[in-house]
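So you can see what is in the structure, the chains are spelled out below.
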Amino acid sequence: METVIDATRLIPGAITTRILCDRGYNIIKFEDTERGDYMGDLSPGANAFLNHGKKSISVNLKTDEGKSILYSLIETASVFIESFTAGVAERLGISYEVLHRINPELVYCSIKGYSDNPEIPGHDINFTAMSGIDITLPVQIADVGSGMYAALEIINHLKNHDYSRITVNMSEIPLLFNAYSLFTENNVLNGEYPSYRIYNVSDGKIALGCLEQKFWTNFTEAIKRPDLKYSRLDISVNRVVEIILSAYKSMEVLKLGRKYNFPVSRVRNRNEIISEMYNGTAPRHGEDTFEILKNNHYSEEEIKNLMENKIIK
């Protein structure tokens, strides 16, 4: 089993290691002895979902003893992931050059903000804005996308025995999501057109995806409005379709979709989705410190001394 040392916080690194964890990698969250990863403070539910199946060790990297603990884990690890701001990894003595000397077959992945100015702070809204997205999205494109991209890079490097450094720049990721919109003069996927948008029904909302003419034709037949057959890109009929669909229940529209063959789905609510998800748990801050060190040939007395000296928690 490949071991991954995850020294990141919040969403991007958590996405990366959740993907790897689901594929059988042994994930060790390497957290400091103070606050650690504060994802749990921001969203306990998201924290539990993203970090389920991982182990947590809490170590003070500002001490020589703490560095020695990380170095000993690196000797047998396959991957190290960090998302520190510019210069921090170097000051802590855990840069690519240092860790690669300890383990030449270590895949080292850095998740950063901007490629040109890595010292500048940024969040998802800043990175999406750079790609031309001029609205505040309710989902984290740069965070999740960079985590997925990092996982892909890590798996690829491991497969090819490539131990060069991986750097994922979050500011570049939203461009992949926004490429169609950027290069398409008449974007029909923006929710403005009747054939591709969200509609209210009597018991919630449905998503209609009749982008192709054949599907829109089938839809107009299903709602008994063949006169709308060639109106799939006519925004003036939006209100007409809204009124028609408001009389239906979501399951009725879904049944029509199956019968007449057109793309439609129900917009599920938050509570419904969460209730169907696997309710895992994230490791508590430093929960597995003792176990990890013991498995790494530290004696109980050594572990006790490290804890008393506040090297570990």
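Being a predicted model, the structure only gives us computed values, none of them experimental.

## Looking at the pattern of salt bridges
According to the stated counting rule, one finds 13 salt bridges in the structure shown. Across the salt bridge formed by Arg35 and Asp41, the nearest N and O atoms sit 3.6 Å from each other.

## Here's the deal with helix H12 (residues 250-260)
Those residues of H12 that fall on the buried side of the exposure criterion are Ser250, Val253, Leu254, Leu256 and Gly257. For H12, the angular spread of buried residues about the axis comes to 160°, placing them on one side. Seen from the open side of H12, the exposed residues pointing more than 90 degrees away from its buried face are Lys255, Arg258 and Lys259. Summarising the contacts, the buried residues of H12 are in contact with strand E7 (196-201), strand E8 (204-209), helix H10 (213-222), helix H11 (238-245) and strand E9 (264-266).

## Quick notes on the packing of aromatic side chains
On inspection of all chains with the given rule, the structure shows 5 aromatic pairs. Taking the centre distance of 5.7 Å and the plane angle of 85° together, the rings of Tyr96 and Tyr108 count as edge-to-face. Remark: Tyr108 occurs in strand E5 (residues 107-112) and Tyr96 occurs in helix H6 (residues 96-102); sequence separation between them is 12 residues. Overall, Tyr96 belongs to the buried group, its relative accessible area being 16%. Taking relative accessible area as the criterion, Tyr108 reaches 1% and is therefore assigned buried. Here Tyr114 and Phe127 contribute two aromatic rings whose centre-to-centre distance is 5.1 Å and whose plane-to-plane angle is 65°, an arrangement assigned as edge-to-face. Taken together, the residues span a long stretch of sequence, with Tyr114 in the loop between E5 and helix H7 (124-130) and Phe127 in helix H7 at a distance of 13 residues.

Here is what the cut-offs are and how they apply
Residues numbered from 1 in each chain as written. Predicted model: local features only at pLDDT ≥ 70, side-chain atom pairs only at ≥ 80, totals over all residues. Heavy atoms only, no water. Salt bridge = Lys/Arg side-chain N within 4 Å of Asp/Glu carboxyl O. Buried < 20%, exposed > 50% of the residue type's maximum accessible area, 1.4 Å probe, protein only. Helix = DSSP H or I, 4+ residues; strand = E, 2+ residues; numbered from the N terminus. Arc of directions from axis to C-beta. Contact = heavy atoms within 4.5 Å. Phe/Tyr/Trp six-rings, centres within 6.5 Å; stacked < 30°, edge-to-face > 60°.

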